[in-house]
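Per-entry structural report
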Amino acid sequence: MGRALKARRPVQAPGPGGVSLVRGEGFFTGHFQAMGGPCEVLVDTDDGPEARAALDLARSEALRIEHKFSRYRNDNILHEIHTAAGRPVSVDEETAHLLDYAALCYEMSEGRFDITSGVLRRVWKFDGSGNVPDGEAVRGLLERIGWHRVGWADPMLTLPEGMEIDFGGIGKEYAVDRAAGLVSGATHSAFVVNFGGDLFAHGPRRGGRAWGIGVDDPDRTGEAVLYRIELERGGLATSGDARRFVTWNGRRLGHILDPRTGWPVEDAPRSVTVVAPTCLEAGTLATLAYLRGPGAREFLEAEGVQHRIL
Amino acid sequence: MQLAGPPRTSSVRSRLRVAACLLLASGVPVLAHADGAPINTLDVTTLLYGEKDRARVIEPNVRVTRIYPDGQSFSGQLGIDVITGASPSGALPSGSVQTTTTPSGNRTSSEQGATPLTSFQDLRVSFDGDWTRPFLRAFTSTLGLRVSREKDYRSVGANAKLSVDLMNKLTILTGGLGFNHDQVDPVGGTHGGLGDGTVIPGRGVNPKEVHTAVLGVSRIITRRWIMAVNGSRTSEGGYLTDPYKVISLMDGESGLTVGQVTEQRPSTRVRKDILTTAAYHLEEDVIHASYRYYWDDWGVKSSTADVKYRSEVDPDAHVYVEPHLRYYTQTPADFFTFGFVQGAALPAYATSDYRLGPLRSVTLGATVGFELSGYPGEWTVRAEYIRQYGDASKANVTGVQKQFELFPAVNIGTVVIGYSLDF
């Protein structure tokens, strides 16, 4: 049995330049920074150059997707959409597929999963403090939220002025699956692509072993692994408040907001971990479950999803 | 440890699985990052064209396109046309048996009352290459080269095109220039115009130059409706005569043909056209409609109306059917004539080529697109029936010619089989 890999953050800090490749017990681990967090690629091989090639592929795909869908750039499709001032924008095929996916998530979650809810971040700062925004400020923003206000007919997207789109809820999981697809075309070895805790395992490892994935204790994130999941092949993702929360009236409010109220989901589990055939599916199911608050467990059980709730 | 949850499925999960698979399997090219691998596309088509009792064409074509991660692309195409059969020589029905000579020395005899044909056989090989490059975010330039060669014709051409995206890509403006240098080298030598076929000594190769300018605008009107207007002006100079076409001389009384002269066209021609196209997306299906108006300084004016309806039969399996209807009509060139009365003074220019006559055609066809499960690539099969006919009601003919069908309808069938593969 290999050691448990922490799903929440890399075991080893990235080296100079943010990119490093370290030989572990029978596998290589590559580290880099992307999509706002630490990323890892584990390759079950003794061949350094092979591991390096896998790392480079995963990293370039992560950076590509980050570049394309970052809200903080002025040279990408999101900038074009956000500066269109209510006029329709013609989007490329990849963006169109993501929008289709987001539209389905919106529909299936009855409006809880909404890629236009990012504007709430202007008033919510999840820094672990006790600061919650003014109720009036939140209500003011609700008028600028709602996928139903968006005109979407492939390839034309019409976003009302003042609204924003954020692929944060699916972008990282999508990047994991995309990167895993590219790496699988370049290596015959088993591997794991782990972007900030959302991961895809391509196995089994040599000797028929599964990858051991550690799930962090939400209270001691990055310090203690609470339990371990044996994953031979598939996607795994966790939604929760482990690192981003505010404390309000003695309650800990996670960073996942309900776009219908503008407030964090109430009575939500601390963390929801889901295993599914792809990271995208795992991440979406985890988020959809989390958004149901106390109904998370019931939802996942009804869906017949492999999961763990804390 | 074991994870909770029995292996059941329900609606959310299964719909999500399908959607995730669709998104991840969409094969979105890695275009934005310079480290990505280029994408190659192979397109192979074969055109089979047949006119009843006339020409037959087989035209295999191979195109390879390579798209780089930065949006640049190169594409190269090799085409071969094999043409055999017969084409109207321009002569009138004889009234008695008549023969015509052909460039390759063959003879074709035609029955009394039938349109005389010239038989031919030719092989044309063409190559073209294009280089497209986006720059400064909103601009795209394309440079192209074309070369073709057949027994009696050589052509070398180049073109350049520049597009600019305006208003968030809602509007695209395109302008371009093209140049062609052709050489016509008639089999058997170059004949003098409106003569008895005497070859002009020492004149083998006849140059022809073509300059083209295009200007277009396409605009997304609504989310479902896209329109484009394109105009072009082409100026041709040099040898524009068809070396193998003739004009009959008929007896003023009986109408029987008594001889023939070669045709002669002006040495310049300015052609202009305006093409308006519209595409409208229904829920899944798409309607395409276009209208083209063409006119030139030879007096030819033509209109083409074209409608296609693409119906997505099974979008998941990429199966579609696209019926197609087109109508074409043109006025004859000022110097078009069905024939001359023997002894009458000849004009400076004249032709009996049906392609410069009062031509009409109706096209009915359909394209079927599909994929073969388990095999990569997309297939298309397009079949069209074209009926070409003319209006000879005002023909300037005498005697027996009035009884003949001077512009007989021609039935044409075409089939194009295409295969496209990304690799």
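Our subject in this report is the structure included herewith. (Residues numbered from 1 in each chain as written. Chains lettered and ligands numbered in written order. Predicted model: local features only at pLDDT ≥ 70, side-chain atom pairs only at ≥ 80, totals over all residues.)

1. Focus on the sheet that holds strand 7 (residues 156–158) of chain A
All names here are of chain A. Strand order in the open sheet made by the three strands is 5-7-6, with antiparallel pairing throughout. Each end of this open sheet is capped by a strand with a single partner; those strands are strand 5 (88–90) and strand 6 (151–153). In this sheet, adjacent strand axes meet at a mean angle of 20 degrees when their direction is disregarded. For strand 5 and strand 7, the ladder comprises three bridges, and the chain directions are antiparallel. Of the residues in strand 7, the one forming a bridge with Val89 is Leu157. (Pairing = 2+ DSSP bridges. Helix = DSSP H or I, 4+ residues; strand = E, 2+ residues; numbered from the N terminus. Axes fitted to C-alpha atoms, helices over the stretch in contact; angles between N-to-C directions.)

2. As for the environment of Ala395 of chain B
All names here are of chain B. You can see Ala395 is positioned in the loop between strand 20 (378–390) and strand 21 (410–422). The spacing of Ala395 and Leu406 is 11 residues in sequence and 8.3 Å in space, taken between C-alpha atoms. For Ala395, the contacting residues outside a window of four places in its chain are Phe338 and Leu406. (Contact = placed C-beta atoms within 7 Å.)

3. Quick word on helix 1 (residues 11–24) of chain B
When the terminal C-alpha atoms of helix 1 of chain B are compared, their 20 Å separation across 14 residues agrees well with the 20 Å that a helix rising 1.5 Å per residue should span. Buried within helix 1 of chain B are the following residues: Val12, Arg13, Leu16, Ala19, Ala20, Leu23 and Leu24 of chain B. Looking straight down helix 1 of chain B, one finds that the buried residues subtend no more than 130 degrees of arc, so they occupy a single side. Opposite its buried face, helix 1 of chain B presents the exposed residues Ser11 and Ser14 of chain B, each directed more than 90 degrees away. Contacts made by the buried residues of helix 1 of chain B are with helix 3 (93–108), helix 5 (168–184), helix 6 (279–291) and helix 7 (296–303) of chain A. (Expected span 1.5 Å × (residues − 1). Buried ≥ 20, exposed ≤ 12 C-beta atoms within 10 Å, placed from the backbone. Arc of directions from axis to C-beta.)

4. Some words on the pairing of strand 14 (residues 268–281) of chain B
All names here are of chain B. Two elements, strand 11 (residues 225–238) and strand 14, share 13 bridges in a ladder whose sense is antiparallel. Pairing of Val229 across the sheet is with Thr276, part of strand 14. As judged from the 11 bridges shared by strand 14 and strand 15 (residues 286–296), these two strands associate in the antiparallel manner. Its bridge partner lying in strand 15, His281 is registered against Val286.

No statement about biological role is implied by the geometric values presented.
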